[in-house]
Amino acid sequence: MSATADDWPTRHSVLTTARRTAALLNVLADDRPDPDDVAAVLVEYGEAGPLALGPGEVAGMRAAAALVREVFAAASTDEAAAVLNRLLREHTGPLRLTSHGGTAPWHAHVDRDDDAPWADWLLASSCMALAVLVWDRQRPPGGTCASGSCRNVFVAQGSGPERRYCSRRCATRERVAAHRGRQSAGGSGDPAQGPS
């Protein structure tokens, strides 16, 4: 993990880390996630590549992702905070600073050590970023897509109306389905033509 001081704040901001968490949870939601797809997300969000993840590492990350998904499923700020407190208590180490042996700027970690397995790292870094978002915004850090055909999670954008869908595509698909449902419930005839 090497990084220049110039790109460090952008690559490792709390919001970027939270978005990486959501991207990893989404790719790990598949029944059999492809290790190359998981590695691609890690590299996209700043890990030094190429990465070769084994099936055991991906299985561990998938288990960690299932735990973190509970934070996104929380219905309230209090519930999100309670889940994060439980995960931090049961699955992470104490807050510490590391520079990864001088290869990166000093930064905080809550995993147990710099050589922790990917699953421990995912759980710890995700919990820390999501906890800071709850602290900063005083609301859940994100949610799960309201589309019945989607399992994706997303990070809330900040202030503004509550977000319900992971993407515009899901929101549009749901609006179209609701519109078609209303049309078919109201009959298929054209009301302007009157009865036949």
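Scroll up to find the structure.
Residues numbered from 1 in each chain as written. Predicted model: local features only at pLDDT ≥ 70, side-chain atom pairs only at ≥ 80, totals over all residues. Heavy atoms only, no water.

A.B. asks: How should I be thinking about the pattern of salt bridges in this particular structure?
C.D. replies: Any two side chains of opposite charge can pair, on the condition that their charged atoms come close. Per the stated rule, a full pass over the model turns up five salt bridges. Put simply, Asp 30 and Arg 151 hold a salt bridge, and the shortest N to O gap is 3.9 Å. Pair noted here: Asp 30 is in the loop between α2 (14–28) and α3 (35–44) and Arg 151 is in the loop between β3 (142–144) and β4 (153–155), with a separation of 121 residues, a long-range link. Between Arg 96 and Asp 114 there is a salt bridge whose closest N-O contact spans 3.0 Å. Taken together, the residues Arg 96 in strand β1 (residues 96–98) and Asp 114 in the loop between β2 (107–109) and α6 (118–137) connect sequence positions 18 residues apart. Using a relative accessible area of 21% as the deciding quantity, one classes Arg 96 as partly exposed. Residue classification places Asp 114 among the partly exposed residues on the basis of a relative accessible area of 34%. Because the salt bridges share partners, they merge into one network encompassing Arg 96, Asp 111 and Asp 114. (Salt bridge = Lys/Arg side-chain N within 4 Å of Asp/Glu carboxyl O. Helix = DSSP H or I, 4+ residues; strand = E, 2+ residues; numbered from the N terminus. Buried < 20%, exposed > 50% of the residue type's maximum accessible area, 1.4 Å probe, protein only.)

A.B. asks: Looking at this structure, how should I read the side chain of Ser 126?
C.D. replies: Here Ser 126 shows up in helix α6. The exposure class of Ser 126 is buried, given its relative accessible area of 0%. Engagement of the side chain of Ser 126 in a polar contact is seen with the side chain of Thr 21, the distance being 2.9 Å. What Ser 126 contacts, discounting residues up to four positions off in sequence, is Thr 21, Val 68 and Trp 121. (Polar contact = N/O pair within 3.5 Å; in protein donor to acceptor, adjacent residues only side chain to side chain. Contact = heavy atoms within 4.5 Å.)

A.B. asks: Explain unusual backbone geometry to me, please; I cannot follow it from the model alone.
C.D. replies: Glycine aside, the phi torsion of most residues is negative, and most peptide linkages are trans. Geometrically, the link from Gly 49 to Pro 50 is a cis peptide bond, its omega value of -5° lying close to zero. Structurally, Pro 50 is set in the loop between α3 and α4 (55–73). Even without glycine at this site, His 100 takes up a positive phi of about 50°. Of the residues examined, His 100 reaches a relative accessible area of 14% and is grouped as buried. At Gln 138, a position not held by glycine, the phi torsion is positive, near 55°. With respect to the secondary-structure elements, Gln 138 resides in the loop between α6 and β3.

A.B. asks: Before we go on, may I ask you to explain the packing of α2 against α6 in this structure?
C.D. replies: Two measures define how a pair of helices packs: the angle their axes make with one another and the distance between the axes. Between α2 and α6, whose axes approach to 9 Å, the crossing angle comes to 130°. Classified by the interaxial angle, the pair formed by α2 and α6 is oblique. The interaxial crossing formed by α2 with α6 has left-handed handedness. Residues Val 14, Leu 15, Thr 17, Ala 18, Arg 20, Thr 21, Leu 24 and Leu 28 of α2 form the contact with α6, whose participating residues are Trp 121, Leu 122, Ser 125, Ser 126, Ala 129, Leu 130, Val 132, Leu 133 and Arg 137. Here the residues of the contact of α2 with α6 sort into 11 nonpolar, four polar and two charged. (Axes fitted to C-alpha atoms, helices over the stretch in contact; angles between N-to-C directions. Parallel < 35°, antiparallel > 145°, perpendicular 65-115°, else oblique. Left-handed = near helix turned anticlockwise from the far one by under 90°. Nonpolar A, V, L, I, M, F, W, Y, C, P; charged D, E, K, R; others polar.)

A.B. asks: Hey, could you run me through the nonpolar core in this one?
C.D. replies: Buried together is how nonpolar side chains tend to be arranged in soluble globular proteins. Grouped together as the largest cluster of nonpolar side chains are 34 residues, with contacts concentrated most on Leu 24, Leu 28 and Met 61. For this core, the secondary structure elements donating two or more residues are α2, α3, α4, α5 (77–91), α6 and β4. In terms of residue count, the dominant contributor to this core is α6 (nine residues). Leaving out residues up to four positions away in the same chain, Leu 28 has contacts with Pro 33, Val 38, Val 58, Met 61, Arg 62, Ala 65 and Leu 122. (Core = buried A, V, L, I, M, F, W, Y, C linked by side-chain atoms within 4.5 Å.)

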